[in-house]
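Here is what each chain is made of, one letter per residue.
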Amino acid sequence: MKNLTMKTSDSVNINYIIEGSGKPLLLVPGWSCSLHFFDKNISELSKKFKVIAVDLRGHGESDKPDHGYRIARFAMDIKELLDYLDVKDVTIAGWSMGASILWNYLELFGNHRVSKHISIDQSPAQYFAPDWKWGQLGCYDVESYLRLCASLQYEERANAEGTVYGCLHKEPTKEEVEFLSNEIMKCPARVKIDIMRDHTNLDWRDFIPHISVPTLVCVAKQSQVFPWQGSAWVGENIPNAKIEYFENCGHMLFWDDPEKFNKVVSEFVLS
């Protein structure tokens with residue numbers, strides 16, 4: 001993969017890669033994770049599509065500025081990237097926090113350059129509430145957020161490794177844990193904390209029923225990050241959305257079962 005760079009309107013260099021040709025497919029990773037979390041998918045999907053994978057600001061090989069760590073700014077970065085590449089009829093696919101970023105994109109910019117949308121294992125609300133019982137299992141209220149902050153400040157490597165184990169259902173190899181943890185460590189602790197401060201407080205339940213592009217929702221039945229019902233709620237509340245359940249997969253369902261994920265995504269983009 002050859003790293004490419006785009007400079008945003010607020011002068012932040014965003015790293016991305018492009019593989020293959022055909023219909024454009026954008027892959028947006030989750031909190032603290034780099035585009036390399038899609039390594040089991042990019043090469044296969046690029047046989048059929050122009051795959052664009054991005055490192056969010058503060059992540060991977062992108063710049064780590066001292067500002068802009070909000071979901072809305074990430075959404076603007078995605079818009080500026082698509083405008084810079086001048087791609088149209090894009091299928092946008094977001095995993096975990098990446099899904100929230102794309103919901104924000106659709107809310108702010110409508111279906112600009114977008115033809116289809118894929119949401120991968122993300123609950124519409126992170127915090128538990130009297131009317132919401134399917135929040136994030138590790139960061140679900142102010143107290144748990146403060147515990148996360150302490151873990152990131154004092155046990156950052158252990159936190160990264162815990163994230164890897166928590167995202168996978170199948171037991172990862174030592175090499176996988178080291179590789180994925182190293183990618184997470186490229187996102188500084190201060191950045192992870194700033195992002196989570198914004199991300200965990202957002203509730204997308206009012207907007208999700210207004211998504212109007214054809215949508216595929218991928219749900220991990222064995223996720224340790226969200227109860228699966230929260231991710232399924234997304235598909236149940238987007239008009240005419242298709243829901244695909246990954247029965248024996250954790251939060252990183254595209255890593256646990258790349259064959260199924262690549263097949264399901266390919267069929268959806270081509271449909």
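Presented here is an overview of the structure given in this document. This structure is a prediction, so every number in the text was calculated from the model and none was measured.

Right, let's get into the pattern of salt bridges. For the structure shown, the criterion picks out 22 salt bridges. Here Glu244 makes a salt bridge to Lys242, at a shortest N to O gap of 3.9 Å. By sharing partners, the salt bridges in this structure join Asp10, Arg57, Arg73, Asp77 and Glu80 into a single network.

Tallying each qualifying case throughout the model produces 10 aromatic pairs. Seen from their ring centres, Phe37 and Trp95 are 6.0 Å apart, and the 25° between their planes marks the pair as stacked. With a gap of 58 residues between them, Phe37 in the loop between strand E3 (24-28) and helix H1 (39-45) and Trp95 in strand E5 (residues 90-95) connect regions that are remote in the sequence. Measuring from ring centre to ring centre gives 5.0 Å for Trp95 and Phe254, while their planes differ by 80°; the resulting arrangement is edge-to-face. Taken as a pair, Trp95 in strand E5 and Phe254 in helix H9 (residues 253-256) lie far apart in primary sequence, 159 residues in all.

Reading across from one edge, E1-E2-E4-E3-E5-E6-E7-E8 is the order of the 8 strands in this open sheet, with mixed pairing throughout. Edge positions in the sheet fall to strand E1 (4-7) and strand E8 (242-246), since each of these pairs with one other strand and no more. Taking the axes of each pair of neighbouring strands and ignoring which way they run, one obtains an average angle of 20° across the sheet. Here E3 runs beside E5; their pairing, made up of 4 bridges, is parallel. Bridge pairing in E5 places Leu26 opposite Ile92.

Definitions and limits used
- Residues numbered from 1 in each chain as written.
- Predicted model: local features only at pLDDT ≥ 70, side-chain atom pairs only at ≥ 80, totals over all residues.
- Heavy atoms only, no water.
- Salt bridge = Lys/Arg side-chain N within 4 Å of Asp/Glu carboxyl O.
- Phe/Tyr/Trp six-rings, centres within 6.5 Å; stacked < 30°, edge-to-face > 60°.
- Helix = DSSP H or I, 4+ residues; strand = E, 2+ residues; numbered from the N terminus.
- Pairing = 2+ DSSP bridges.
- Axes fitted to C-alpha atoms, helices over the stretch in contact; angles between N-to-C directions.

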